[in-house]
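Read off the chains here:
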Amino acid sequence: MRPAISRLRLPRYLPLPSRIVAIIEDLRRKETHLALVLSLLIGALVGLVVVAFILLTGRLAAHMYPPGSAGWRRILVPTLGAAVTGWLLYRYFPLARGSGIPQTRAAVFIYDGRISLRSVVGKFVCCSTSLASGIALGREGPSVYIGSGLASVVARRLRLSKEQVKWIVPVGGAAALSAAFNTPIAAVLFTLEEIMGDLHAPVLGSVVLAAATSWMVLHLVLGDNPLFHVGAYHLVSPGELGVYAVLGVVGGLASVGFVRLLLWLRHWFARLPASSRWIQPVAGGLTVGLFGLFVPQVLGVGYDQVERVLNGDVLLKAVALLALLKIIATAVAYASGNAGGIFGPSLFIGAMVGAAVGSVAHMIFPASTAGPGAYALVGMGAAFAGIVRTPLTSVIMIFELTRDYTIIVPLMISNLIAFFISQKLQHEPIYEALARQDGLHLPTRALQSPTGMWVTTAMRKAPVTLTPEMKVSEALILIDGSDLESLPVADEEGLIGMVRLSDIGAVISPSTQSETIATVMRRASESDGIKAVKFPHVHSDHPLGVALARMGESGHSVLPVVSRANARLLSGVLKLADVLRAYGVDAAGKTPSAGLRPSTTDPTAELPSPPPAATASEFITTFASVIAAISVLLVFDTVFAKVDRHATQSRATSEFQAGETLSAVGNFRDAADHLEVAVSLDRENPAYSVALAEATLGRGRPEAAEQRLIPVLEHIPTDGAANLAMARVLAKQGRNEEAKSYYHRAIYGLWPADTDKNRRTARFELIGLLARTGAKQDLLGELLAIRDESTNDPALLKRIAHLFAVAGSPARATAIFRDVLRRNPRDVEAYLGLADAAIQLGNYRTARADLVTAKRIAPGDTSIQARMELADSVIALDPTQRGLGLDEQYRRSRNLVQMTVSSLAKCLGLEASQAALVQASASRKPAASSRAISRSQAVDENLSRAAKLWQMRRERCPADVPKEREPLSLIQDRIAQ
């Protein structure tokens with residue numbers, strides 16, 4: 001650590017340029033202040049670059065896959081995109097392959113934080129092209145590499161020390177991930193958990209500051225939108241935790257299958273001739289294209305499909321197929337050398353696996369489990385924890401991606417189980433395995449030395465190396481005078497192991513001096529038994545304690561120090577005696593004099609001196625360049641974002657209109673596809689989400705429609721259209737009480753246009769629901785409310801009057817129809833409504849009079865004649881008509897009994913003889929005297945018998961009751977009243 005520097009006091013008489021130079025000089029000397037400023041600048045710079053990366057990728061994808069494009073594009077575009085990027089990667093940017101996470105860790109732990117600007121440019125260009133063409137990879141890993149590379153370039157341009165450059169690289173990575181995923185907290189955790197391997201790394205403060213700055217830049221340019229819009233989920237029952245545990249098991253197995261397939265394919269591609277590396281990415285592009293031809297959702301990272309599944313739009317076969325195809329497509333695309341990451345595909349795979357498990361669970365236990373969308377949400381975290389092996393990051397990331405904190409316990413359970421299964425079945429995490437395939441030996445976690453002493457403090461230069469073919473006699477000449485107990489053995493490809501001098505000395509005899517060093521090593525290994533270590537080694541950044549442990553494991557008192565970039569590249573050797581001296585103990589076990597250091601083994605004496613620190617003018621130039629770059633990027637991103645937003649909104653409007661047109665003709669499946677595109681392009685317009693929910697409901701998926709509407713109503717609770725759509729969804733599900741509540745919210749909600757019309761529509765639908773559910777009091781209340789609001793619209797008044805009649809209030813209907821007729825005495829529909837209300841009241845003569853008036857106005861209306869015939873029939877048959885004598889009443893009552901018996905016999909399917917017996921029995925004259933009172937009593941008994949027979953008919957043949965407009969039904973209803 002540099003000594004603390006007192007605060008710089010600036011004389012007031014200094015001119016402004018000199019004062020600026022002095023401030024910069026003070027900043028350059030104070031590492032804490034410099035780290036603070038660099039974190040802010042790098043966060044802003046990286047955030048703007050990542051925003052440009054997102055915008056460019058999206059715009060390229062829109063041009064490569066225009067709306068309504070032919071199916072052949074889904075094969076040709078990914079294949080050509082892979083061919084172009086493959087040639088660029090092979091010819092110009094060999095370090096830009098893959099995701100970039102292993103390369104970022106290699107830069108931190110091997111290359112002293114060095115990432116070239118050329119590789120950053122290559123990653124930006126190749127990933128933009130690859131992802132826009134539909135390759136099934138993600139943008140988050142490449143963004144981390146781009147951000148880390150920019151931080152490295154700035155730090156090296158400022159001539160910071162190697163240690164400072166190393167610690168500034170993860171700062172850029174955190175800023176990039178924060179902007180790419182819109183998850184600042186998860187970005188910090190991932191940087192510390194995966195890249196640094198230490199949650200308590202000293203760079204924590206800078207990482208947090210850069211991630212927050214980048215996140216603010218993202219929101220400034222692109223707005224505040226989560227990556228996924230989902231409704232709130234919750235735990236339905238405690239037993240559901242068992243299903244989430246099963247999801248953890250399935251997610252863990254899927255993660256292991258994906259990782260193993262990817263690593264196996266990558267190893268297979270690596271064995272192909274090096275000259276074919278430029279064409280290998282085409283295999284991934286062609287695979288994705290073939291899958292995409294039949295299942296377009298496989299193309300690209302697939303976040304739109306993930307959001308659809310999260311909102312409950314799930315078909316079991318579809319999500320299971322998508323999970324399988326995505327595993328294969330991503331594995332082939334990555335293994336063949338395309339540029340892109342596995343963050344996004346991991347979430348896609350997890351969502352599909354979770355939705356599949358949730359669908360099965362919901363089919364078996366519909367009452368005690370949530371919908372598939374909840375399981376898709378948890379499955380995302382489980383797959384990420386199983387594939388990337390960052391369980392803490394995966395929990396926080398799902399929270400930030402969806403902004404849903406309601407199912408934390410199921411998420412933690414599934415993540416833990418998936419992480420455990422993945423760790424047991426696939427011992428090496430994916431990023432470590434990928435680095436090892438590239439020949440990089442990265443530490444599994446941040447290396448710490450309690451004593452502060454490392455291998456580099458005690459290692460010495462590499463001695464002469466032996467070869468496996470060398471004979472013992474030749475080796476004796478080379479090792480004469482060496483003070484090392486073991487010597488390295490190397491072939492033309494590099495180091496292969498160590499051989500002890502004692503093992504060589506054991507074969508010194510005239511007959512054995514012709515033996516080779518390889519034979520000596522083999523015999524020594526056999527004699528060591530289980531203690532034999534094939535390739536004992538350490539790295540220069542290992543603590544000395546690790547070196548001592550490995551000496552004990554291998555039985556060698558001298559270990560080779562090898563490069564992390566190539567384990568067969570010998571950097572030096574480490575001797576036990578040198579380690580002991582570094583700890584202050586000589587070979588005999590005595591403590592040497594204080595301050596004594598063996599100058600012959602001090603590697604720092606051989607190391608080149610660090611580069612000179614940047615001058616104040618160089619600092620000013622660099623800072624000015626970075627600020628200028630930030631300004632230019634800010635202007636570019638802002639302008640490009642506005643242009644992109646305008647183009648996106650235009651396309652969204654077009655897709656929305658196409659979807660609305662298809663919905664109007666009942667083609668809800670195609671309408672939903674168009675509306676899905678509209679929602680994905682413009683999530684801020686609630687009308688698109690509402691229309692999509694309506695189309696989803698039309699497809700018979702009310703649960704998915706409900707999940708689409710929940711985020712809209714959470715954001716705008718007073719949205720009239722969203723409340724009306726939710727009411728329709730709930731009514732479709734039979735949740736009538738909830739539907740009534742949402743109908744009222746729609747009636748009194750906010751509408752962008754045609755407020756009165758939309759509110760009337762909502763109220764009429766509520767009236768229909770109340771009529772179906774038999775809530776007469778509520779129905780009459782709604783009818784009275786809408787009548788009071790509609791006093792000037794005759795058509796609306798007539799509709800309301802008809803509804804009053806249906807609700808069992810013909811008197812109110814009559815009053816409304818008469819009000820309409822006062823305004824227009826020639827309104828035929830009003831006369832017909834009056835006649836129907838009179839028939840309902842039993843006033844058939846009044847009804848006939850109204851019908852006669854209507855016929856004079858519209859003599860050609862056949863419906864009027866039909867109503868008149870009905871009224872005449874009822875008047876001629878009804879025994880309860882006023883003005884009838886007792887004899888006529890008695891005759892009609894007997895006819896009514898006969899007609900009812902005939903209708904009952906017909907519905908029961910009785911034979912003619914049986915029907916005659918029933919009719920004769922029912923028609924038997926009651927024992928009565930000739931007095932009027934007796935005849936009146938007989939009429940009453942006939943009417944009672946007819947009513948009982950009619951009730952029997954209703955009970956025995958409920959599906960065959962005569963229509964309400966038949967004379968028999970009308971007379972029976974009148975008798976019942």
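Residues numbered from 1 in each chain as written. Predicted model: local features only at pLDDT ≥ 70, side-chain atom pairs only at ≥ 80, totals over all residues. Heavy atoms only, no water.

Visitor: Talk me through the overall build of the chain; I want residue IDs and the actual numbers.
Guide: On a plain count of helices and strands, the chain comes out with 40 helices and five strands. Here the chain holds 977 residues, and 51% of them are scored as buried. When contacts within the chain are restricted to residue pairs at least 6 apart in sequence, long-range pairs at least 24 apart make up 71% of them. (Helix = DSSP H or I, 4+ residues; strand = E, 2+ residues; numbered from the N terminus. Buried < 20%, exposed > 50% of the residue type's maximum accessible area, 1.4 Å probe, protein only. Contact = heavy atoms within 4.5 Å.)

Visitor: Could you give an account of the pattern of salt bridges, naming the residues involved and the relevant values?
Guide: Two side chains with opposite charge may pair up if their charged atoms get near one another. The final tally for this structure, using the stated rule, is 20 salt bridges. Here Arg266 makes a salt bridge to Asp438, at a shortest N to O gap of 3.1 Å. Residue Arg266 is found in helix H10 (residues 240-270), and its partner Asp438 is found in the loop between helix H18 (430-437) and helix H19 (472-478); the two are separated by 172 residues along the sequence. For Asp438, a relative accessible area of 41% translates into the label partly exposed. Shared partners join several salt bridges into a network, and the residues in it are Glu307, Arg308, Glu676, Arg683 and Arg708. (Salt bridge = Lys/Arg side-chain N within 4 Å of Asp/Glu carboxyl O.)

Visitor: Tell me about the sheet that holds strand E3 (residues 538-539), residues and numbers included.
Guide: Reading across from one edge, E3-E4-E5 is the order of the three strands in this open sheet, with mixed pairing throughout. On the outer flanks of this sheet lie E3 and strand E5 (570-575), each paired with one strand and no other. (Pairing = 2+ DSSP bridges.)

Visitor: Go over the packing of aromatic side chains, please, and point to the residues and values.
Guide: Using the criterion set out here, one finds eleven aromatic pairs in the structure. Centre to centre, the rings of Trp268 and Phe269 are 5.1 Å apart; their planes meet at 80 degrees, and the pair counts as edge-to-face. Looking at Trp268, the relative accessible area reads 37%, which means it is partly exposed. Site record: aromatic cluster; members linked through ring pairs are Phe181, Phe190, Phe343 and Phe384. Lying across the ring of Tyr92, Arg91 places its NZ or CZ 5.1 Å from the centre. The ring of Phe764 has Arg799 sitting right over it, with the charged end atom 3.6 Å from the ring centre. (Phe/Tyr/Trp six-rings, centres within 6.5 Å; stacked < 30°, edge-to-face > 60°. Lys NZ or Arg CZ within 6 Å of the ring centre and 35° of its normal.)

Visitor: Go over the packing of helix H37 (residues 886-908) against helix H40 (residues 967-976) with me, naming the residues and quoting the values.
Guide: Remark: H37 packs on H40, axes separated minimally by 11 Å, with the N-to-C direction vectors making an angle of 120 degrees. Taken as a pair, H37 and H40 cross one another with a handedness that is left-handed. Together, Leu896, Met899, Thr900 and Ser903 of H37 and Leu968, Ile971, Gln972 and Ile975 of H40 make up the contact between the two elements. The residue makeup of the contact of H37 with H40, split by class, is five nonpolar, three polar and no charged. (Axes fitted to C-alpha atoms, helices over the stretch in contact; angles between N-to-C directions. Left-handed = near helix turned anticlockwise from the far one by under 90°. Nonpolar A, V, L, I, M, F, W, Y, C, P; charged D, E, K, R; others polar.)

Visitor: Tell me what's going on with the environment of Ile110, and back it up with residues and numbers.
Guide: Checked against the element boundaries, Ile110 lands in the loop between helix H4 (101-109) and helix H5 (117-132). In sequence terms Ile110 and Ser540 are 430 residues apart; their C-alpha atoms lie 9.8 Å from each other. With sequence-adjacent residues up to four places away left out, Ile110 is seen in contact with Leu440, Leu442, Arg564 and Ala565.

Visitor: Describe unusual backbone geometry, and please don't skip the residues or the numbers.
Guide: Among all residues save glycine, negative phi is the norm, and among peptide bonds the norm is trans. Even without a glycine there, the phi angle at Asp112 is positive, about 55 degrees. Tracing the sequence through the fold places Asp112 in the loop between H4 and H5.

Visitor: Before we move on, can you summarise the side chain of Ser128 with the specific residues and values?
Guide: Counting through the fold element by element, Ser128 comes out in helix H5. Owing to a relative accessible area of 2%, Ser128 belongs among the buried residues under this scheme. A distance of 2.7 Å separates the side chain of Ser128 from the backbone oxygen of Phe124, its partner in a polar contact. The residues touching Ser128, leaving out its near neighbours within four places in the chain, are Phe53, Leu56, Thr57, Leu60 and Lys123. (Polar contact = N/O pair within 3.5 Å; in protein donor to acceptor, adjacent residues only side chain to side chain.)

Visitor: Quick one: what's the story with the packing of helix H12 (residues 303-310) against helix H15 (residues 372-388), residue by residue and with numbers?
Guide: For the pair H12 and H15, the least separation of the axes is 7 Å and the interaxial angle reads 135 degrees. Compared by their axis directions, H12 and H15 come out oblique. Facing H12, whose interface residues are Val306, Val309 and Leu310, H15 presents Gly373, Ala376, Leu377 and Met380. Looking at the contact of H12 with H15 residue by residue, the class counts come to six nonpolar, one polar and no charged. (Parallel < 35°, antiparallel > 145°, perpendicular 65-115°, else oblique.)

Visitor: Hey, could you go over the state of the cysteines for me, with residue numbers and the actual values?
Guide: One pass over the full model with this rule turns up zero disulfides. Sulfur of Cys126: no disulfide; nearest cysteine sulfur belongs to Cys127 and is 7.0 Å away. (Disulfide = S-S within 2.5 Å.)

Visitor: How would you sum up the pairing of strand E2 (residues 494-500)? Please name residues and give values.
Guide: In regular strands, side chains alternate between the two faces of the sheet. Where burial is concerned, most of E2 is hidden: six out of the seven residues are buried. Of the strand pairs in this sheet, strand E1 (residues 486-491) and E2 are connected by six bridges, and their pairing is antiparallel. Directly across from Leu487, in E2, lies its bridge partner Val499. Here E1 folds back onto E2, and the loop between the two strands holds two residues.

Visitor: If you had to explain the confidence of the model for the chain to someone new, which residues and values would you point to?
Guide: Here the chain averages 82 in pLDDT, while 87% of its residues score no lower than 70. Note on residues 1-10: pLDDT under 50 across the span, and 13 contacts to partners over four residues away in sequence or across chains. A low-confidence stretch, residues 927-931 (pLDDT under 50), is modelled with two contacts involving residues beyond four sequence positions or located in other chains. (pLDDT = per-residue confidence, 0-100.)

Visitor: Break down the pairing of strand E4 (residues 558-562) for me, with residues and values.
Guide: Within E4, five of the five residues are buried, leaving the element largely enclosed by the surrounding structure. Residues Val558, Pro560 and Val562 point to one face of E4 and Leu559 and Val561 to the other, with burial holding for every one of them. Bridge analysis of E3 against E4 gives two bridges, and the strand direction is parallel. Paired with His539 across the two strands is Val562, which belongs to E4.

Visitor: Would you mind going over the side chain of Ser276 in detail, with residue names and values included?
Guide: Relative to the elements of secondary structure, Ser276 occurs in the loop between H10 and helix H11 (281-294). Within the structure, Ser276 has its side chain in polar contact with the backbone oxygen of Pro273 (distance 2.7 Å).

Visitor: Provide a residue-level description of helix H8 (residues 184-196), including the pertinent values.
Guide: For an α-helix, the turn length of 3.6 residues means that residues three or four places apart are oriented alike. The first and last C-alpha atoms of H8 sit 17 Å apart over 13 residues, in line with the 18 Å expected at 1.5 Å per residue. Largest kink in H8: about 25 degrees, centred on Phe190. Among the residues making up H8, those that are buried are Pro184, Ala186, Ala187, Val188, Leu189, Phe190, Thr191, Leu192, Glu194, Ile195 and Met196. Two residues or fewer past H8, Gly197 is found with a positive phi of approximately 70 degrees. (Expected span 1.5 Å × (residues − 1). Bend = angle between axes of the 7 residues up to and from the residue.)

Visitor: Tell me about H5, and name the residues and values.
Guide: The end-to-end C-alpha distance of H5 is 22 Å, a good match for the 22 Å that 16 residues give at a rise of 1.5 Å each. Among the 16 residues of H5, twelve are classified as buried, and the element is accordingly described as predominantly covered. Along H5, the residues that are buried comprise Ser119, Val120, Gly122, Lys123, Phe124, Cys126, Cys127, Ser128, Thr129, Ser130, Leu131 and Ala132. Looking one or two residues beyond H5, the residue adopting positive phi is Gly134, at roughly 105 degrees.

Visitor: Kindly report on the environment of Ala629, identifying the contributing residues and their values.
Guide: For Ala629, the position within the fold is in helix H24 (residues 616-664). Exposure remark for Ala629: the relative accessible area of 29% places this residue in the partly exposed category. The spacing of Ala629 and Leu48 is 581 residues in sequence and 9.6 Å in space, taken between C-alpha atoms.

Visitor: Can you lay out the environment of Ala762 for me, pointing to particular residues and giving the numbers?
Guide: Locating Ala762 in the fold gives a position in helix H30 (residues 755-773). With 39 residues separating them in the primary sequence, Ala762 and Asn723 have C-alpha atoms 9.4 Å apart. Beyond its immediate chain neighbours, meaning those up to four positions away, Ala762 contacts Leu724, Tyr743, Ala746 and Ile747.

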